[in-house]
Structure formats: C-alpha cells, structure tokens
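An overview of the molecular structure
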Amino acid sequence: MTRFLAALLFPLLLAGAAGAQVAPFDMSPERPPVQAPPAAPVPAQPAEPPTSPVAPAPPPVAPPAAANAPAGAYRRYLLPRPQFVLAGEIAERSWAFHVTERQAQSPAEIHLRYLNAVVVAPEASSLTVQINGISVVAEAIAASDRAKDLIAKVEAGTLRPGRNEVRIRAVQRHRTDCTIQSTYELWTEVQPAGTFIAFADPEAGSLSGFVDVRTLGPGASAQPRVTIVAPSLVHTDNAGDVIRLAQAIALQSNLPGYRYRIASAPAAEKDDAEILQVFLGAAEELRDIVPDLPASGPFVGFLPQREGGPQRLLVSGTTREQWLDAIERVVAPVSRPVGMQRATLTTEETRLPDAPMLFGGGDTSFANLGIRSEQFSGRRYTSSVTFGMPADFYADAYGQARILLDAAYSDAVLPGSLINIYVNGNVAASFPITTRRGAVLNHFPIKVTMRHFKPGLNEIMIEVNLRTAQDEACLPGATADTTPRFAIFDTSTLVVPRFGRILERPNLAELAGTAYPYGLAAQPVQVATERTDLASLSATANLFARMALNAGRALPLTFTSSINALRGSDAIFVGWAGGLPAGVLAQVNVDEAAVLRWASAQRGAPAASGTPGISVETWREQMGGGLLREWMRSFETWLSTTFNITEDMLRFLPGRDTPFAPPASAALAVAQGLNPVGNGVWTVFAAPDQAALSAGVESLAASDLWSSLSGHVTTLDRSLQSVTVTPAGATSFHQTQPPSLANYRLIAANWLSTNILSYSLLLVVACLVVGIATSALLSRFGRRH
Amino acid sequence: MVRFINAIVWAIAAACMLFIVSLPINLQAHLIAGTIVLAIMVVLKLLRPGGSWRLIALALGMAIVMRYVYWRTTSTLPPVSQLENFIPGLLLYLAEMYSVFMLVLSLFIVARPLPSRPPRPVVEADLPHVDVFIPSYNEEPKLLADTIAAACAMDYPAERFTVWLLDDGGTVQKRNAEDVGAAQAARVRHDELKQLCADLGARYLTRERNEHAKAGNLNNGLAHSQAPLVAVFDADHAPARSFLRETVGYFAEDARLFLVQTPHFFLNPDPLERNLRTFEKMPSENEMFYGIIQRGLDKWNGAFFCGSAAVLRRQALEETNGFSGISITEDCETAVELHSRGWNSVYVDKPLIAGLQPATFASFIGQRSRWAQGMMQILRFRFPPLKRGLSIPQRLCYMSSTLFWLFPFPRTIFLFAPLCYLFFDLQIFTASGGEFLAYTLSYMVVNLMMQNYLYGNFRWPWISELYEYIQSVHLLPAVVSVMINPRKPTFRVTAKDESIAVSRLSELSRPFFVIFAVLLLGMVAAGWRIYAEPYKADVTLVVGGWNLLNLLLAGCALGVVSEKRERTATRRVTVNRRCEFGNGQTWLPAMIEDVSVNGARVRVHGRDARELAAAGQPFIRFVPLSGGEAGSLPVVIRNQETGSDQSTFGCQYVRSEPMHHRLVADLIFANADQWSAFQKSRRRNPGVLFGTLWFLRLALFQTYRGLAYLFISGGSAERAVTGGARP
C-alpha cells in the first residue's frame, strides 16, 4: 500500500519538477532580472534522481571564456562523468584521481565551473570541494543566471604524487518553498570542461611510463577519444594484440568513458576530443608517422606533448616480438589471474569507495559502503551506496535483503515521514515513520526486495522524506534552519542473505555486470568480426575495453571467421547486418529476415510492408466490453497495484521466445543465445551498417547505457541515448556453484516464484501424495473396522 | 513390511511437502498458490467426496497453514532490539504456534475417526456380573431416585447386577459434623436415601470420612463389592435400559480391556445454548468431543474415562488400587495410568445415558475450571508425553486432551494483541497490509475450512472461539493458580439442577462488559487512527478488522452471560407412546407426545377428557418398556388445549412412591434411540460461509440483548436503591 503510494507519488514529483526552471519570485531586486541564458546547459531532467541509469545528453559546452588559467598551464580535468549534477538538498560525490610527482609538486589552482537552479538559496547553500580531506573550495552556491567559474589555489602539499581523493559536496536549500517536492527542483551542475586542476609548472604535462595513463583523467571533452595507430594492421594479423592494448589502457585509467579508435595511420585533421594517441608497432613502421621517435627501442612510454595536441604514447620495439612483449608487460600489472574471486569492483576513479562484492550470507556496514554518519536539517535526505553482485545472482523474484538502520529523528519530525529505499533507481521499500516524539532507531530492519538487483554494480539509495510542522508553516527563512532533524549512523548495515546462485542463459545483464562469461575465460575469447574493417575493429576495441573494466582483467582474444570452430565455445560476433555469418542470428533467436529488412530500411529503402497496429488486442480494446470485463479489469488493476500481480505471472513455464525482429528505430542490437552445442554463450552485436555499428558499440560501451544491457536482446535507439530491453523467455541454466541442497532450494524458490502455476501444481501434487499416503497409513496403523 | 514401506513413503511425501512449503517464494506466488489451493478445497468441500479425498483436502489446508507458519517465523517477528515490541510480539507468535500445534494434534487424532461400532451380542448365560455405582455428594433425593430407578430398570438379569448408591453426603464424618444444622441435614439425608434405596431395590453405601472425594467414594464402593465389571453413573446420569447389554460384550472380546466409555447426552441446554437459544438446532458443545474426538481417540486406543456412563474392569482397577485421586479429574487420570500399563479402552458411539449439565453460567464455569485444573494436574503429575508404557499415538492423544486446556492463554493474547497497536502504537507484527492480507487471511480462511471439514456437523463456525472466549475470562486465573500451586485445587461438585427463575445477568458477567467496553474503545481508536494517520491506514484497517472480530465475539458473549428466564429446566424429548388417561375409574385412550424430567404432554382422545381432568386426581397409565404390569403415574394438569374430540394436557408428575420414579424413568430413559434421533436432528453443517453469516447475526443480536440486560439490571438496581431510601 505504502509502496503503491510512493510509486504514485513519484511521477507526481517528477511532473512538479518539470516546471523547475520557471524562476520563482526573486527576492533580490538589485540583481539584474533573472533569465536563463540561451545556451544555459540546463540538465534535461534535474528532477530525476542521480541514480538514473540513462543519463541525458551532455549539454553543449560554451568555450571557457571566463577561465583565465595561466597560459601554458597543464590542465588535469577532474570530473569522471560528462554529466555531473548535484541534486537535492544534500549531494556528495567522491572519487580518486592520480597525478604525477611533478604535478604534485607544481603550484596548482583548482577551477570549478558550475550552474545552479534559480531556486537554490545562496545564503543557505554551499558547494565545497576537498582534496585529500583538505578543503580547497567552500562557496555559497550562486550561479543561477550563468555558469560561474570558481578558481581556488591548491595549497602546496595538498596533492600527493599518485593517488588523491576529491570530494565535492553540495548543500542546497530552496529559496521559498519548504515542501519535500520542492527539493527535487534543487540542482547544481558542475561542468566538466571548466573543472580541472591547472598546474603552473610548464613541464607538468610531461608524462613518462605507461602507468601515467592513469593521470590522463577524463579530458575536456564529454567524449574523450583514444586513438591507437597501428600501421601493421594493414598487412599483418595482430588485431587481437591491438585490442589487448586498448584493454590495458582501460584498466590502467579505470575510466569507462574513453572511446577507442583503431587506425593504421594518424588522422589528418585534429580532433579536439582526442586525449591520447597511441603508436603501436615496430620502430621502422612508426618512423614515418612519428617524427620524434626515439632512436633506439624497445620503447614503451610517453612522447613529449605537442602544443595543443593530445598526449602521445609509444608502444614499440625493434621487432614485432618485442612490441608484442611490451603489450603483455603493460597488461600484466593491471590484470588479475582468472579464477580469483574479487573482493571489490574497482570503481574508485568514478566513485569512492570501491564497491564490495556481496556473495550473500553476510552483512556489510555502511561505513564500508561509503556512507558516513551525519546529521541533516533539511527535508529530503539522500545518500547512496554501491556494491557488486556476482554474475550468477539468481534471486530477483523472491529475494529480500534487509537494511538494519541505525538512525535517529527528532521530535520535530511528524508521522507520515517516509524512509524510501531505491535499488538501481526503482522503489524497493518504503517505510513510514509513524511515531511522534522522535526516536532512535537501533538496527531497525527495513526489508528491501532484491527484484532490481542485477549482476555487477548495484546502487542502493536511501531517501528520507521528513515532514515537520515548521515546514508546513514555512515562515521566511525556514529552509535555512540548521537544527538537525535526522541523523544516520555508519553502523547501519546492509544484510544480503544467501541467495540462489546459478547462471541464466541468455542474460545480457551478466555480460554487462561482470563481462560473464568472457571475463572468466582462460582460453582466448573467440571473436568473429571483419578484421580488415577498422570500424568493426574499433567497435571490438570499445567492447573489450569495457568488458575488461567489468571483469577486472584483460581478456585474451582471438579472431575467427569459421563459424564451425565456434559451435562449442563462448563467442562474440560484431558485425553489420549483412556481414554476420549465416546462422548466427538464428542461433541467438533473432529473425534474420527482419535484420536484413532493418538494414535496408536504414539505408532509406522502403521497409518491407507490414500491417502494424492490427492485432486482436487492439480490436478487443476497441470493443470495450461488458460489465464483467470491466469488473475483471478493475480486479486486475487492484491485484497489480496491491500485490504486483500481473497476468503473465500465471504461467507454468516461461513462454517460448519468438525470434526477435529489430525495430527500425534501433541503431544497434545486442542479442545473446546459447551456442549450437549448448555449452556456451554467443553474443551478437549487430547494426544495420558499419557506421551505426562503430557508433553504437562505442556509445554503449563508453556510457552508463552499458549497465542497462539485460535480457535476451537489448537495442540501442538511433539517438544513442536510450535502450530497449527484450527479456529472455526460455532460459537454460548453467551451474557455477558446487552442488548443494541449500543452493538448489534457493534456485527452486526463484524459479517457482516466476512460474507461479508450476509452484501451485507442485504444491497441490505434493498434498495429493501426502493425502493418499496418509490415507494408506491410517488404514494400516491404529484400529480399523 | 508393508506398513514399514508405507511409513517410508509417507515420510518422503511429507518431507517433499515440507520442502516445497518452506521455499522462500515471493508474495505473489504465495497468493496465487494459496488461492488455487483454497479453490480446490472449496470444490472438495462442496462435492463431499469421502475416503482419501478428505485427507487430501486436509493436506491442502495444512500446506497453507505451514506456509503461514514459515512466513510468520521468518519474516514477521519484531526485532529483538525493540523489546517493547518484541515481547508482546513473541507472545502472540507463541500463541499462534500453540494454535497450529493443537491443530496438528487434532488432525492426527481425528484424521480418520473409527466408525460406530456394531453392538456385541452376548449369550444370556455368559453375561457377567456388574456392580453399578452411583456416587453422590449433595444431590437431591428426587434426582437420585430417577437415576436409581433407571439404573435398576436396566435390561439385564436382575441377579447379575447390583446398583449401589455411594453416598458421600451421609458419611459418619458429615453426620457428626461440628455444625449441628449440617449434621442434622446429613442424618436426614442418610436415612431418606437409605429408605429410597431399599424401596427401589438398590444398595446404600456410605463411609467413615470424605477422603479423596469422588475417587475415594468409588474406591469405597470397590472395596465393598466384587463383581468383575463396574459401571459408573453420575447422580444425574440416568442410563437407558439397553446400557449394559450394549457395553459388556466388549469385555468378553478383549481380556485387556479396562474401559467401555459411552457419550454423555444432556437433556438440558448449557448456559450458552439456553441464552443463545441454540439447543434445539445446533449440536451441543460436547458433541464435538463425543461425536468425533472420542472416536478419533478410539482409533489410537486412547479413548479415556469421562467419570460417568462407562463400564470398567475391576481387575484393571485393582492393579492401580482403584481410581487415582491425585488430580481432581480422577477419570482421565485413571485412564492414563491404565493405558500406560497396557490396558485397552473402547468407545461406544451411542448415547446410553441422559443427564443434566450446569444450567447457570457460574456453575458452567465452575465445572470447566475443575476440568481445566484437573487436566493441568495430570499434565504436571503424570506428564503423558513422556509417560512410560503409553504408545506414541496415545501420548499424542493425551497431549492433545491436556494441552487443550491451555487455551485461555492464547485466547487472551489474541484478544489484547490488536489493542497493543490501537492504544499503544506497538508494532508487534511486522508486515505490510498486503502481506497480512495474503498470508493471514488465507490462513484464517483455511483454518475455518479445516475445522468445518473436521467437525462441520458437530461444531458450527466461530462457536469454538465463542466457547473458548467465555471460558477464558474465568479459566485463565484458574489455570494460572493450578500452575503455581498444583496441589491446591480440591474437588467441587458441579451443581446441575438449578433453574433460572428470573432473567438476570450472571454474577460472573462483569468482566465481559468491561472487556466489551475496552474493545469498543479500541474500535474508536482504530477509527481515529484511520482519520488522523492516513499514512498507515492499511495496517490500521487490518488490526481494526481483527479487533472487530474480537468485539463480535465479546458482544456475543454478553448474550451468554445474560441469563434468560426459563420455565422448564429440561428439554422435552418426543416419545409418542400409547397410554391411558383417567382418574382411577374411567380411562380414555391417550398418547404421550413428549416428556421431560418433570412432566409430559399428553393428547387425550374423547369428548369428556376435560371433565375427567377436572374431576379429581388425574393419572396416566402405561405399560413400562421394562416389562411387567401397567402402572399409574399421578399428574397435575398445568395447562391444556381443548379440541372438538381431543384435548392436550401439559402434565407435571407427582412422584410420591418409588414406583412413580420407576415409571418416570421408564418414560424418559427407557429408549436411547430417542436421544440419538434428537442429536441427529441437530447435526447439520451450515458451511463456513452461511455459518459465519449466521454467527454474525447471532453476535449482533446477542450484543443488543446483553446491553439491554445491563441497562435493565442497572435500572433495577437503581430503583432498588431509591426504593430502599424511601421511608
């Protein structure tokens, strides 16, 4: 009921926030009339909680006219995400970044460019930045009319060579409104292009060894590009090694946002987004394109930076063997041996702390998940934690995790206040505060459904909506009151019980989460693509770079063109519709004919005629129906709102999938299925043409969209901004754990929770047998006449 | 071997069921599976297939119950860190688990009750000698006379049985009591009963001291007699003529048989039946026990002695030195002891005695307190679950019979649990409204349906709960006291022949009104909460609904404690027997339509019946079923209806001679088939739905009646006060 209420409320809040940019009554007449600048990079959906898996497009960034960094200074860009919005009354991000020793010693300034919602009250709102725990920026938030550049000196000794931590925190209060809904209108956007550390030392930009890749940072562009120039690609077959190098760069930088391009020669025109150029090959091959190639190799390291150009990395040797060996040497330190279980997912370059892997059966304190004890005086407290789930997580239908909350709220808090828990952006629990007079919650259990848990990285957001009489009265200045109302303690724990563990195939979420099954491959992963086509190779490089990050290791790979060789192994197919080997699409249950139509439709050819919109359903809708139907419908609605019961739950077995036909609006389709032998997984990345393929895979792999991969088929639409998931119907299971009754029991619980009629049948049959056996027993035991 | 394989198969099937039930499936799966199971149960109930289908339906019900237990155990208990919630929450949980445990025990017992046994004919020459004991303490001689007369009139060779009146009211101790008045009364009683026995052909026996109450009295009887079989009848339990012939045959079949128990059939309603006017149409409370449970116990050789209407073997009793007397329920205690020594018992499912039960609420509670305390004493001193010599089924049987009397605890907890939330805002049951609906509602419905499945003909929906509630209020202190001080309770004879001359509130009614008022306040609190705290309306609605259920029970109980005035103490039994009506000289043909202990309705044919009745002392004359010559019974006409050529008279007996008692006994107690027919007429299953609706109506009406009595009695008390103040 409450859950239902919350679900009902949420869209309302969103709707309310849609008008957020309407300037409220302005209380500062001396300022020029508030007007959003025409090019104001307004976040498309400021009201959306920051957990939204689909980030809106990065806004166009005006050139940093106001940034008056000293000429020649080297900029280390800071923000790990192109879209960086601090929303709500309290928002905080922290992550780690690396600098070289030279940079650490250089005098430095931090530059911060931000824009905030007009409704944020400057006198009660602040933006703070800490580096390694030392405060470097503490500002009132006051940049609602145009983006503002903050420049602050970074004191000597603040930065340390190597790893550093930065924490950006926004505390925001509404100017006039005291409602909980109004807090969704509060946002501050920090813009990547104007946010960096500027090092005065002109030599700060000179990097040396391969490990310095991690000091590159995200770059000024929203889409930082890494180009790997390998002249040998033209005539030799070493695409696999090139992709290994891409993986090494990804793992070393640990940033998922890099877009990789593989080329046999440097691009003619300058690319502003390019952050790194890698030259790979034997010295003599490179001599023509790298004028300042060192005289003697083998050589792995950075070349001196050219004015206005990207950093240049050289991976070379006098012979082919030498530079191949060089690749293995840069891969080794960042890879992990196969078969070693990870304790954490490494996320610290985007978010601190690293997400611990939870395998169930234990509890993890909030301190370990990165939530600190804190007091809060506003009306909507939010905080989130991340953790990793294994690929064989199989408890989405029945599982229940618990949060044992240590918290307190003051007597000002009225009943009707809510503690909401979101898992990956979905409401998973809603617990009303019902007592007056305040309370101290001591390990108070909140049940959190595991329905939205998924393999790989997960995020749980805790949101506490606090109602108070003071806010209802909303006297002027009420929002600026700093009397704490709520406190949360880091002794709270997240308890994930033992859950069913078995792999479902197909399930793209396993690929997205931990690169399963390819991430565990000891043997080279089989890849089928057009090796000679650089666009396809670039797509493959992006794919593997992302998988390497998810798997935490560089994956070995080989290219194969014989489909027969792949029949009994895990394989990846990357190709455009016409270029995929015959039979592959059918194997992953995609309609081959439809894919060909898809390709031709994209090229502007008339789509094969179909009669969309005619179905029994639409006719049924048109017919309306009698009272009974009406009654049935309202009953259905009641069931689905109260118990989340839908008609498709009433099934004995998962339905057979019909072959998937990609819609014309899709730019890329990712489909997974069993291989013909049935002992492995084939994953196909297909697009209507080469251009769509490389653009699509690149967008998918370098953005948050990657984590939305799920089900049987996931398609990326032509805007490259959103995905559509087609869930898998019939799946097969693949055992990952040693056989144990306890695990089978949990697996059975999950399977039966999704195939409810089977459970009912099983229960009834068991009762039937017990009844008959009891009857037989009773006629043999005791007296009978 | 087949038995062994059968047991293994059953164990595997049960384990599978347990496994399936204990899967941590989600709410939706439970809801849908529960609905499907429920639907199948409804269909099975409507079709009423017999044999294994009954057990399949029960297994289905059990599956839902076990799912509830699983859910309740794993996800609803409040956290230990909140003691104020945890302690009441745990109590509620334990109360529910007790209920489930008792359900499982009763399922075991009544899974397949033995069908009624065919009578065992015995060759006339082999009929054993029987001593018939009628222990008495303070009953009226008139009541005893009927019983003795009926006992003496039993169809059995006269030289083979002796009727003993074991009088504890005329012992030497009583006759020489310090209190002169009491001593005089005892002496009068002694002489009167001695004479009565002599007149009726029974033997009078008393003893020195009143030691060990009823058990001591019976043992005194044993010491003074020697027949191999002993029949025991309570002072008000008059046997039918066929009693001995229906029972003694079993002893010849089984040398290790110590007991043949028969049901107790009552001619008068208990206070609930009388005040709620259900005696004529609803099966009596004890019919569930005698109609099903004793038959179920019998299957496991666990039928136990109920103090009266039974035949026992002297040899067995001698092994334990007679009847056991540690507890105040000597009957059950004796049975436990003998069962544990390898003796067997048999239950005959046919009413062969007719008796009286407590008429007022107070004496009803007194009787139940004795039973409850006695059973607690047995639990304490004999502990059947671990008693050596009992078979495992017998242990379970006795566990069920004794643990049953703990019901005041869970009943009280169920009563007050919702108030924890409504008044004090305690969260003793952590579940959302939806979960509560899916799990608890399905559990409750299944529970009702299983009860109806098991006992439907014998117990209507919600009546068990009502009986438990009305007893709990006064039984709780009784059970607690016996737990604290197990040797304290002493045997108190239950008064059964009272009558209610005026409508009044029972002297024990006050707590019921207080509880009703508190629950009503709870409803007010629930209403206020729904209005003031809409954010948790779902939980409030559920808890309020629960409280409403309690309120309905409590309201219905108000009717139970509002004692209705009643003209006749006992009900009439239809007999339709030929007789003659006259004044000693003139006799008219007549028909006795129905009889009670005190009178009969007689239809007289002939125009001058009225004159005849007015002329002088009227008589009814009939041939006793026990044989012999026609006897005349003097009557007083209480009312009459006159037709053209026939009149109907309501007559009251005038019993002045022993012969009159014999005739009355012959009229009422001669034919046990009448009682069976009466019982059958009430054994009707209204079903869960209609039973519930019927109960709802009953509860609303009785609430109104109870409140009306309260208002009237309050008013009359006030009047009495003002009246007294006036000069």
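This report concerns the structure included in the present document.

Definitions and cut-offs
- Residues numbered from 1 in each chain as written.
- Chains lettered and ligands numbered in written order.
- Predicted model: local features only at pLDDT ≥ 70, side-chain atom pairs only at ≥ 80, totals over all residues.
- Heavy atoms only, no water.
- Helix = DSSP H or I, 4+ residues; strand = E, 2+ residues; numbered from the N terminus.
- Rg over C-alpha atoms; globule rule 2.2 N^0.38 Å.
- Contact = heavy atoms within 4.5 Å.
- Areas by Shrake-Rupley, 256 points an atom, 1.4 Å probe, with all protein chains shown as cover.
- Lys, Arg positive; Asp, Glu negative; His and termini not counted.
- Charge placed at Lys NZ, Arg CZ, Asp CG, Glu CD.
- Expected span 1.5 Å × (residues − 1).
- Buried < 20%, exposed > 50% of the residue type's maximum accessible area, 1.4 Å probe, protein only.
- Pairing = 2+ DSSP bridges.
- Axes fitted to C-alpha atoms, helices over the stretch in contact; angles between N-to-C directions.
- Buried area = accessible area lost by both parts, 1.4 Å probe.
- Salt bridge = Lys/Arg side-chain N within 4 Å of Asp/Glu carboxyl O.
- Polar contact = N/O pair within 3.5 Å; in protein donor to acceptor, adjacent residues only side chain to side chain.
- Phe/Tyr/Trp six-rings, centres within 6.5 Å; stacked < 30°, edge-to-face > 60°.
- Lys NZ or Arg CZ within 6 Å of the ring centre and 35° of its normal.

**A word on the overall build of chain B**
Counting its regular elements, chain B contains 25 helices and 18 strands. Over its C-alpha trace chain B gives a radius of gyration of 28 Å, about what one expects of a compact globule, namely 27 Å for 727 residues. For chain B, the spread of C-alpha atoms along the principal axes amounts to about 85 × 80 × 60 Å. When contacts within chain B are restricted to residue pairs at least 6 apart in sequence, long-range pairs at least 24 apart make up 81% of them. Put simply, chain B shows about 29300 Å² of open surface, and 61% of that area lies on carbon and sulfur atoms. A gap of 4 Å separates the mean positions of the 72 positive and 60 negative side-chain charges of chain B.

**Overview of helix 3 (residues 239–253) of chain A**
All names here are of chain A. Here helix 3 is 15 residues long and its end C-alpha atoms lie 21 Å apart, about the 21 Å a rise of 1.5 Å per residue gives. Counting buried positions over the 15 residues of helix 3 gives 14, a clear majority of the element. The positive-phi residue at the C-terminal boundary of helix 3 is Asn254, with phi of around 60°.

**Description of the sheet that holds strand 13 (residues 573–582) of chain B**
Residues and elements named next belong to chain B. What the six strands build is a closed barrel, ordered 13-14-15-18-17-16; its pairing is antiparallel. Across the sheet, the axes of successive neighbouring strands diverge by a mean angle of 45°, strand direction being ignored. Bridge count between strand 13 and strand 14 (residues 587–595): eight bridges; the pairing is antiparallel. Bridge assignment links Arg577 to a residue of strand 14, and that residue is Ile592. On top of the sheet, helix 23 (residues 658–669) reaches strand 13, strand 14, strand 16 (619–622), strand 17 (631–642) and strand 18 (646–653); it is set at about 60° to strand 17, its chief contact.

**Details of the environment of Met154 of chain B**
All names here are of chain B. If you trace the backbone, Met154 turns up in the loop between helix 5 (141–152) and strand 2 (161–167). Expressed as a C-alpha distance, the spacing of Met154 and Arg245, which sit 91 residues apart in the sequence, is 8.8 Å. Not counting the four nearest positions on each side in its chain, Met154 is found in contact with Val132, Phe161, Phe233, Pro239, Ala240, Arg241, Phe243 and Leu244.

**Details of the interface of chain B and chain A**
Each side of the interface is counted separately: chain B has 63 residues, and chain A has 57 residues. Across the chain B to chain A interface the summed buried area is about 5100 Å²; carbon plus sulfur atoms make up 69%. For the chain B face of the interface with chain A, the top three residues by lost area are Ile20, Gln28 and Tyr535 of chain B, together amounting to 13%. Inspection of the chain B/chain A interface yields one salt bridge. For Arg783 of chain A, the salt bridge goes to Asp298 of chain B, with nearest N and O atoms at 2.5 Å. For the interface between chain B and chain A, the tally reads 19 residue pairs in polar contact (both at pLDDT 80 or more).

**A look at the packing of aromatic side chains**
Residues and elements named next belong to chain B. Inspection of every chain in the model, using the stated rule, returns 39 aromatic pairs over all chains. Ring centres of Tyr156 and Phe161 lie 5.9 Å apart, and the angle between their planes is 80°; on these two criteria the pair is classed as edge-to-face. Here the two residues Tyr156 and Phe161 agree in accessibility, since each one is buried. Ring geometry for Phe581 against Phe649: centres 5.1 Å apart, planes inclined by 15°, an arrangement best described as stacked. With Phe581 in strand 13 and Phe649 in strand 18, this pair connects stretches of sequence that are 68 residues apart. Phe581 sits in the buried class, given a relative accessible area of 0%. You can call Phe649 buried: its relative accessible area is 0%. In this structure an aromatic cluster arises from ring pairing among Tyr68, Trp71, Phe429, Phe436, Tyr439 and Tyr443. Here the basic side chain of Lys299 rests over the ring of Trp300, its NZ or CZ set 5.5 Å away from the ring centre.

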